[in-house]
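Structural features, examined
Listed below are the residues making up each chain.
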Amino acid sequence: MNAENVHQDIDLAAPDLPREPEGVAGPAVPGSNAETAFDTEAGALIEPAETELGIEPEPAADPEPEPAAPEPANPPTGTVSAERLAAKALEARLLGGERKLRRREVAAGAGLSLLSARKLWRALGFPNLGDEDVAFTERDQSALSTIVDLVRDGKLTEEAAISITRAIGQMTDRMVVWQIEALVEDMVQEQGVPDAVARKRLVSELPNLIDALEEMLVYSWRRQLNAGVQRLAVRAEAGLQSSEEGREGDEDDSPLPLARAVGFADLVSYTSLSRRMNEKTLAQLVQRFENKCAEIISVGGGRLVKTVGDEVLYIAETPAAGAEISLALCRAFTEDEILPQARVAMVWGRILSRLGDIYGPTVNLAARLTALADPGTVLVDSMTAAALEQDERFVLVPRPAEDVRGFGEIHPVQLQPGSGRGLILD
């Protein structure tokens, strides 16, 4: 762990002291708010620029250009130079221009101390850069100003701005890795080229896709934002009222703000299977597993929270929806000619939703029940069974009590399909 990471949550608005080494927290400036940056009324992201603290920031204008290296008499030719030119053109398009600014210039242009700017860049997942690295464009400055203006205008607190920025950084990072790997895999299969060749070729083929991918990203974000508002705000109270049925009032999850059906599906014997597979076969199995899970969960009206190797975590707004999804997942893996069977468990209870993930005793109990389930079966707990017992679509078969770590004695119930056709996939 380096010094920058140790001190990343303190001294946000402290002025930059050139005499101190990079990333080392020095003593607070007399009269500054360095010790209580989070306690200020407006937050560190809207502290005045360094001029008001007695330190002149470096000018935002472009620095003196360094002497350019003489160009070769003959321009470079051949495959290598063409690849470099393509990569440079792609970078300029994605970044909005050529890299011309240093980090101090970007921070000063947004009216921030460098320390505050670096906190936002860390939240976005950007690597640390030195004072002399010419790594930014005017679009970087504009993006920094956009977040800061939300805080200055009182639309977001500093804490909320950092959290939202971190969400954007983490989600887009995972998204672009997924997209690049999908494109490379497609080129390997369709064009019959090796993986290394496909990765180089991607640089020249990606420009034709940028506008369409960006348009779909914005479209999906708006749709998902609307759906999230409905789930997490408009219909949240109805779920809490439903979760009160059959409760005694002393449950561990009672203070948590959302009621959800929480489910896990875990592939059987995945570890031993993966050891016998080559890279291509394993990739196909993982992709088939994730695709099938995503399809079933979305058709059932649920949300896929995350996949971790051979396991998927999902939620639904009602016990019945969670039960339908769980049975459909179990049936799909049992009938699949390639994938192994799955153990599935689902629990109806309250959760905390943070950082794109979910937390609470309900999640932990669902995970414990998954380990108890036999291959090709679905388990629920007694409270979830009570919420489903009047629904003819489900059959509930009690199982012997089990002692579960962290929960004591619980009474698992096997969930089986009853009347009706169950979840129908197109």
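Here's what I pulled together on the structure shown here.

1. Examining the environment of isoleucine 168
- For isoleucine 168, the location among the structural elements is in helix H6 (residues 158–191).
- Among the residues examined, isoleucine 168 registers a relative accessible area of 45% and is labelled partly exposed.
- Residues isoleucine 168 and leucine 124, 44 residues apart in the sequence, show an inter-C-alpha distance of 6.8 Å.

2. Some remarks on the packing of helix H11 (residues 279–299) against helix H12 (residues 319–335)
- Taken N-terminus to C-terminus, the directions of H11 and H12 make an angle of 145°; their axes are 10 Å apart at the nearest point. The two elements H11 and H12 cross, and the hand of that crossing is right-handed. Packed against H11, whose contacting residues are Phe289, Lys292, Cys293, Ile296 and Ile297, the element H12 presents Ile325, Ala328, Leu329, Ala332 and Phe333 at the interface.
- Of the residues contributing to the contact of H11 with H12, the split by class is 9 nonpolar, no polar and 1 charged.

3. Some points on the pairing of strand E1 (residues 258–267)
- For E1, the buried fraction is high: 10 of the 10 residues fall into the buried class.
- Side chains Leu258, Arg260, Val262, Phe264 and Asp266 of E1 all project onto a buried face; the interleaved residues Ala259, Ala261, Gly263, Ala265 and Leu267 project onto the opposite face, where all are buried too.
- In this structure, E1 lies alongside strand E3 (residues 311–316), joined through 6 bridges in antiparallel fashion. Within the sheet, the bridge partner assigned to alanine 265 lies in E3 and is valine 312.

4. Some points on the packing of aromatic side chains
- In the structure shown here, the tally under the stated rule is 2 aromatic pairs.
- The interplanar angle of 20° and the centroid separation of 4.7 Å between the aromatic rings of tryptophan 121 and phenylalanine 136 together place this pair among those described as stacked. Residue tryptophan 121 is located in helix H4 (residues 114–124), and its partner phenylalanine 136 is located in the loop between H4 and helix H5 (138–152); the two are separated by 15 residues in the primary sequence.
- Classification of tryptophan 121 as buried rests on a relative accessible area of 8%.
- Here the aromatic rings of phenylalanine 289 and phenylalanine 333 are separated by 5.5 Å at their centres, their planes lie at 35°, and the arrangement is tilted. Of this pair, phenylalanine 289 sits in helix H11 while phenylalanine 333 sits in helix H12, and the two are 44 residues apart along the sequence.

5. Comments concerning a nonpolar patch on the surface
- Judged by side-chain polarity, Trp221, Leu225, Val229 and Val234 come together as a nonpolar surface patch covering roughly 390 Å² of accessible area.
- For valine 229, the position within the fold is in helix H8 (residues 210–234).

6. Some words on the pairing of strand E4 (residues 342–354)
- The sheet contact formed by E1 and E4 spans 10 bridges and is antiparallel. From the neighbouring strand, arginine 260 faces E4, where its bridge partner is glycine 349.
- With 3 bridges connecting them, E4 and strand E6 (residues 378–380) associate as parallel partners. By the bridge assignment, alanine 345 is partnered in E6 with leucine 379.
- Bridge analysis of E4 against strand E5 (residues 357–359) gives 3 bridges, and the strand direction is antiparallel. Counted as the bridge partner of arginine 354 is aspartate 357 from E5.

7. Points about the pattern of salt bridges
- Following the criterion strictly, the structure yields 15 salt bridges and no others.
- Here aspartate 195 makes a salt bridge to arginine 199, at a shortest N to O gap of 2.6 Å. Placement of the pair is aspartate 195 and arginine 199 together in helix H7 (residues 195–205), with a separation of 4 residues, close to one helical turn.
- You can call aspartate 195 partly exposed: its relative accessible area is 38%.
- Look at the salt bridges and you will find they share partners, linking Arg288, Lys292, Asp336 and Glu337 into a network.

Conventions adopted
- Residues numbered from 1 in each chain as written.
- Predicted model: local features only at pLDDT ≥ 70, side-chain atom pairs only at ≥ 80, totals over all residues.
- Heavy atoms only, no water.
- Helix = DSSP H or I, 4+ residues; strand = E, 2+ residues; numbered from the N terminus.
- Buried < 20%, exposed > 50% of the residue type's maximum accessible area, 1.4 Å probe, protein only.
- Axes fitted to C-alpha atoms, helices over the stretch in contact; angles between N-to-C directions.
- Left-handed = near helix turned anticlockwise from the far one by under 90°.
- Contact = heavy atoms within 4.5 Å.
- Nonpolar A, V, L, I, M, F, W, Y, C, P; charged D, E, K, R; others polar.
- Pairing = 2+ DSSP bridges.
- Phe/Tyr/Trp six-rings, centres within 6.5 Å; stacked < 30°, edge-to-face > 60°.
- Patch = residues over 30% accessible without salt bridge, like charges linked within 9 Å, V, L, I, M, F, W, Y side chains within 5 Å.
- Areas by Shrake-Rupley, 256 points an atom, 1.4 Å probe, with all protein chains shown as cover.
- Salt bridge = Lys/Arg side-chain N within 4 Å of Asp/Glu carboxyl O.

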